[in-house]
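Chain by chain, the residues run as shown.
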Amino acid sequence: MYVNLQTLRAQGPTKAALRDAEISLRELSKEMAQGKISSPGRLDRVFAWTQRSIARLHHEKAKRAYARGDLEAVGIELLAAKTSLIKAAAWTGDQADPALIESTEKAGVLASRLLQSTEHRPAGMRNVLLDFGAQVDRMDLRAESEAARGLFSGEAQSYMKQGEAALVKRDVGEAAAYLRKAASCMALETLGTHTDVKPMLEKEIGGLEQAAKDVENGTLKSPKRLRLYFAKAQNALAKAHHMEAARNLDRHAYERAVTSLQAAVRGIEGSAEWKGKEMKNSSGKALQRVKELSRRVREGDRVSPEEISAAITDLKRLVAKSDSPAVSP
């Protein structure tokens, strides 16, 4: 009901986003009443999206108040926008993000000064409004990146297997197409990852694209050589997701951390499969512990930061092992 009232105050894309959020909340209410929701993850995502949409509404109203010179209204709307964006960040585990903290703190200080009428027109007001809007956009993009990762997680391995099978059958065109699909899925799965891992990922994505060209021009005919590219690509995915898990733990985004760990497990297992290596008993147990954490999160059970930290430590050793030489061409 509250979101419905906010929708009446909104315009354009923000109005559409709030209307969609209202529909999603009503659907969640029905499903929860029927006992169909077992994990809090879906609730968190809808709540965060709703709060970001409300933050955007208040920010737009602050900008319009600024344009007409109503500084008290700027203060009221900016303070409300700050509160909603902080709540949105809490639902996604981004509350410790340095850029978000700086932007919301500046917005809060400016709002207080405007409401207290300590200055007629505080310096830097336009920059604070611009920066706050940029933070709302950034949080939306981060949420979209998370959704893309979940949607395409594990898809690259499927296309790699189909590419290998096509090459064995000497179907060059089909093999190259599957390799390019694997490269695209790999890029989507790691969308929005930290800049530290981008060069490594880009290198392996480029490797798959080059392999597709080599298959087409006839310089890559050996399935065994192709598996070398696949092993390296899966190892890069394992590294990237493992680093994301550690960063998510530092941000207290525990569900995201477990999701990243599960994706890292898929990369480790995929790399081992392409190398033709079996996981040793101790390694298998470490991977199984991560899968168990993932199951508990899906079912709505609490997973402690200490458990996640231990799993990250376990996988660090396995990621390092998966970096060992792959099958020879």
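As a reminder, the structure under discussion sits directly above these lines.
This text gives an overview of the structure that appears in the document. (Residues numbered from 1 in each chain as written. Predicted model: local features only at pLDDT ≥ 70, side-chain atom pairs only at ≥ 80, totals over all residues. Heavy atoms only, no water.)

To continue, consider the overall build of the chain. Counting its secondary structure elements, the chain contains 13 helices and zero strands. Along the first, second and third principal axes, the C-alpha set of the chain runs to 75 × 45 × 35 Å. Buried residues in the chain amount to 46% of all 329 residues. Look at the contacts in the chain between residues 6 or more apart in sequence, and 73% of them connect residues 24 or more apart. Accessible surface for the chain amounts to roughly 16500 Å². Of this, 54% is attributable to carbon and sulfur atoms. Side chains of the chain carry 54 positive and 43 negative charges; the gap between the two charge centres is 2 Å. (Helix = DSSP H or I, 4+ residues; strand = E, 2+ residues; numbered from the N terminus. Buried < 20%, exposed > 50% of the residue type's maximum accessible area, 1.4 Å probe, protein only. Contact = heavy atoms within 4.5 Å. Areas by Shrake-Rupley, 256 points an atom, 1.4 Å probe, with all protein chains shown as cover. Lys, Arg positive; Asp, Glu negative; His and termini not counted. Charge placed at Lys NZ, Arg CZ, Asp CG, Glu CD.)

Glancing now at the pattern of salt bridges. In the structure shown here, the tally under the stated rule is 15 salt bridges. Put simply, Arg26 and Glu22 hold a salt bridge, and the shortest N to O gap is 3.2 Å. Highlighted residues: Arg26 and Glu22, both in helix 2 (residues 12-33), separated by four residues, approximately one helical turn. Between Arg296 and Glu307 there is a salt bridge, and its shortest N-O distance comes to 2.8 Å. Highlighted residues: Arg296 in helix 12 (residues 281-298) and Glu307 in helix 13 (residues 305-322), separated in sequence by eleven residues. Of the residues examined, Arg296 reaches a relative accessible area of 18% and is grouped as buried. In this structure, a network of salt bridges that share partners links the residues Arg52, Arg56, Asp137 and Asp140. (Salt bridge = Lys/Arg side-chain N within 4 Å of Asp/Glu carboxyl O.)

Locating His241 in the fold gives a position in helix 10 (residues 223-250). The exposure class assigned to His241 is buried, which follows from its relative accessible area of 3%. Contacts of His241, omitting those with residues within four sequence positions, involve Glu189, Thr190, Ser260, Ala263 and Ala264.

A word on the nonpolar core. By size, the foremost hydrophobic cluster in this structure holds 29 residues, and its most contacted members are Met160, Leu179, Met186, Leu208, Leu226 and Phe230. Contributing elements (two or more residues each) for this core: helix 7 (155-168), helix 8 (172-189), helix 9 (198-217) and helix 10. For this core, the element with the most residues is helix 8, which contributes eight residues. Not counting chain neighbours up to four residues away, the residues in contact with Met160 comprise Ala182, Leu208, Phe230, Ala233, Gln234 and Trp274. (Core = buried A, V, L, I, M, F, W, Y, C linked by side-chain atoms within 4.5 Å.)

Glancing now at the packing of helix 11 (residues 254-275) against helix 12. The contact between helix 11 and helix 12 brings their axes to 9 Å, and the two run at 140 degrees. Comparing their axes, helix 12 and helix 11 come out oblique. Seen along the crossing, helix 11 lies across helix 12 with a hand that is left-handed. The segment helix 11 lies against helix 12, with Glu255, Val258, Leu261, Gln262, Val265, Ile268 and Glu269 engaging Leu287, Val290, Lys291, Leu293, Ser294 and Val297. The residue inventory of the contact of helix 11 with helix 12, partitioned by class, reads eight nonpolar, two polar and three charged. (Axes fitted to C-alpha atoms, helices over the stretch in contact; angles between N-to-C directions. Parallel < 35°, antiparallel > 145°, perpendicular 65-115°, else oblique. Left-handed = near helix turned anticlockwise from the far one by under 90°. Nonpolar A, V, L, I, M, F, W, Y, C, P; charged D, E, K, R; others polar.)

In short, the description is geometric, and any link to function would need to be established separately.
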